[in-house]
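Examination of the molecular architecture
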Amino acid sequence: MSTLNWQQEIRKALSAVRELPCELSSVDGMPGDDRKIREAIREFGIKIPVHWQTKINWNDPDDPLLKQVLPDVEETGTDDGFVCDPTGDLPAAHGGVLRKYKDRALVVVTGACAIHCRYCFRRHFPYREHHLGHDLAAALDYIRQDPDIKEVILSGGDPLTLPNERLFLLWEQFERIEHVRRIRIHTRVPVVVPSRVDKALVRELNKRHRRYIVVLHINHAREIDETVCDALSGLRVTLLNQSVLLKGVNDDVRVLCELSTACFRAGILPYYLHMPDKTRGTAHFDVDEARAKTLHAGMRANLPGYLVPRLVREIPGADSKVPVA
Ligand SMILES: *Cc1c(COP(=O)(O)O)cnc(C)c1O
Ligand code: SF4
């Protein structure tokens, strides 16, 4: 158990190549590629918080937890069809609010994350211009003026990187809007910095119950350990999980089934398995659709229906996430 508080855990994240306990060259294997790694990091810095560090097997270049956070020379690739905004977020942005679907609005509450996932589709997103730090009043107005919005999704970045006081205040402000029936929190923090799920957070969330949904983002069963289960065990809100299908991390039927069952043991139901978005610099994580369908069929053949997540892809302009299988 770490004795650091959650803010310290995030602050003590590994953030430079020289701090890494493994050789980057064991991954790229090519001398002279330092420049490419530097370029990748300049674009999207390294961030590996303490709990995650302790779970990585640093001696295994194929470790699925390491792969998610270790910069790779491939990130500087400019493969065809891999773009900066594959999900069409920018055209859907109204200040800090992203509106794509009729009855729900996504609010970018912060640009900060507790971890930097190399495959992230938001690695190019201009957070400086689009997050609530700038104009909470405008975001509240936007939602207040549209009674079609029944659900507010707090996302980012990661909403749980905000301190409790700020978070609770936000909840209150959204709850005060009559037509907002549900509040959803999309977060990777509970598996990355489990100590963040502190007593005050649990107490506040439970007080509100029913109307709150926490959607976790977990890609591999090893992300869920005892500490994570303990952290989540006090929550009495709906817990769901979304994963991204990632080459070299979880593109395997057994790995995906283990992820679902590990989620269930932690009280989390699988929600989505996302096709990786075609984000520039992430082509090395891509899984093609035919293979994704085969993997998904493998899950169906090995799990009860309630442990099989929906395999979806995001298509800009569509009125929901689009089912693939
Ligand atoms: C993914 C997403 C949602 C949530 O979609 P659900 O299918 O309800 O999970 C909402 N708004 C935006 C902008 C999204 O990208
Ligand atoms: S926590 Fe989520 S938003 Fe942040 S880098 Fe990882 S995938 Fe991207």
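See the structure shown above.
Structural notes, computed from the coordinates. (Residues numbered from 1 in each chain as written. Chains lettered and ligands numbered in written order. Predicted model: local features only at pLDDT ≥ 70, side-chain atom pairs only at ≥ 80, totals over all residues. Heavy atoms only, no water.)

Remarks on a nonpolar patch on the surface
Taken together, the side chains of Phe264, Leu269 and Tyr306 present a nonpolar region at the surface, about 300 Å² in accessible area. Mapped onto the elements of the fold, Tyr306 is located in the loop between helix 12 (289–302) and strand 9 (310–313). (Patch = residues over 30% accessible without salt bridge, like charges linked within 9 Å, V, L, I, M, F, W, Y side chains within 5 Å. Areas by Shrake-Rupley, 256 points an atom, 1.4 Å probe, with all protein chains shown as cover. Salt bridge = Lys/Arg side-chain N within 4 Å of Asp/Glu carboxyl O. Helix = DSSP H or I, 4+ residues; strand = E, 2+ residues; numbered from the N terminus.)

Focus on the packing of helix 7 (residues 164–175) against helix 9 (residues 199–208)
Where helix 7 meets helix 9, the axes come as close as 11 Å, and the angle between the chain directions of the two elements is 10°. It follows that helix 7 is roughly parallel to helix 9 by the angle criterion. Packed against helix 7, whose contacting residues are Asn164, Leu167, Phe168, Trp171, Glu172 and Glu175, the element helix 9 presents Ala200, Leu201, Glu204, Leu205 and Arg208 at the interface. Residue classes in the contact of helix 7 with helix 9 are distributed as 6 nonpolar, 1 polar and 4 charged. (Axes fitted to C-alpha atoms, helices over the stretch in contact; angles between N-to-C directions. Parallel < 35°, antiparallel > 145°, perpendicular 65-115°, else oblique. Contact = heavy atoms within 4.5 Å. Nonpolar A, V, L, I, M, F, W, Y, C, P; charged D, E, K, R; others polar.)

Some words on the packing of helix 11 (residues 253–265) against helix 12
Contact geometry of helix 11 with helix 12 gives a least axis separation of 9 Å together with a crossing angle of 55°. Looking at the two axes, helix 11 sits oblique to helix 12. Remark: the crossing between helix 11 and helix 12 carries right-handed chirality. From helix 11, Val253, Leu256, Cys257 and Ser260 reach across to helix 12, where they touch Leu295, Gly298, Met299 and Asn302. Broken down by class, the residue content of the contact of helix 11 with helix 12 amounts to 5 nonpolar, 3 polar and no charged. (Left-handed = near helix turned anticlockwise from the far one by under 90°.)

Here's the deal with the site of ligand 2
Around ligand 2, the neighbouring residues are Phe44, Cys113, Ile115, Cys117, Cys120, Arg188 and His217. Along the lines of polarity and charge, the residues of the shell around ligand 2 split into 5 nonpolar, 1 polar and 1 charged. (Near = heavy atom within 4 Å.)

Structural notes on the site of ligand 1
Lining the immediate surroundings of ligand 1 are Leu98, Lys100, Tyr101, Arg104, Leu106, Ile153, Arg184, Tyr271, Tyr272, Glu314 and Lys321. Contacts to ligand 1 include Tyr272, whose side-chain N or O atom sits 2.6 Å from an oxygen atom. Contacts to ligand 1 include Lys321, whose side-chain N or O atom sits 3.0 Å from an oxygen atom. Here the residues of the shell around ligand 1 are counted per class, giving 6 nonpolar, no polar and 5 charged. (Polar contact = N/O pair within 3.5 Å; in protein donor to acceptor, adjacent residues only side chain to side chain.)

Observations regarding the packing of aromatic side chains
Under the defined criterion, the tally for this structure stands at 5 aromatic pairs. Residues Tyr119 and Phe285 carry aromatic rings whose centres are separated by 5.9 Å and whose planes lie at 85° to one another, so their mutual orientation is edge-to-face. Linking Tyr119 in the loop between strand 3 (104–108) and helix 6 (136–144) with Phe285 in the loop between strand 8 (269–274) and helix 12, this pair joins segments that are 166 residues apart in sequence. When the ring of Phe168 is compared with that of Trp171, the centres are 5.3 Å apart and the planes differ by 40°; the resulting orientation is tilted. Note that Phe168 and Trp171 are positioned in helix 7 at a spacing of 3 residues, about one turn of the helix. Comparing Phe168 with Trp171 shows no difference in burial state: the two are buried. Clustering of aromatic rings is evident, with ring pairs tying together Phe168, Trp171 and Tyr212. Above the ring of Trp6, the side-chain terminus of Arg196 is found at 4.2 Å from the ring centroid. (Phe/Tyr/Trp six-rings, centres within 6.5 Å; stacked < 30°, edge-to-face > 60°. Buried < 20%, exposed > 50% of the residue type's maximum accessible area, 1.4 Å probe, protein only. Lys NZ or Arg CZ within 6 Å of the ring centre and 35° of its normal.)

What to know about the pattern of salt bridges
A full pass over the atoms with the stated rule returns 30 salt bridges. Residue Asp103 is joined to Arg104 by a salt bridge in which the shortest nitrogen-to-oxygen separation is 3.0 Å. A single salt-bridge network, built from bridges that share partners, covers Glu172, Glu175, Arg176, Glu204, Lys207 and Arg208.

A closer look at the nonpolar core
In terms of nonpolar packing, the biggest core is built from 73 residues, with Ile48, Ile143, Leu154, Trp171 and Phe174 touching the most fellow members. With 5 residues, helix 7 is the largest single contributor of residues to this core. Among all residues touching Trp171, those that are not within four sequence positions of it are Leu154, Ile183, Ile185, Leu201, Glu204, Leu205, Arg208 and Tyr212. Membership of the second largest hydrophobic core comes to 14 residues, among which are Leu245, Cys257, Leu295 and Leu303. (Core = buried A, V, L, I, M, F, W, Y, C linked by side-chain atoms within 4.5 Å.)

As for the side chain of His116
Summarising the element assignment, His116 is placed in the loop between strand 3 and helix 6. Overall, His116 belongs to the buried group, its relative accessible area being 18%. There is a polar contact of 2.7 Å between the side chain of His116 and the backbone oxygen of Gly45. Contacts of His116, omitting those with residues within four sequence positions, involve Phe44, Gly45, Ile46, Lys47, Gln68 and Val69.

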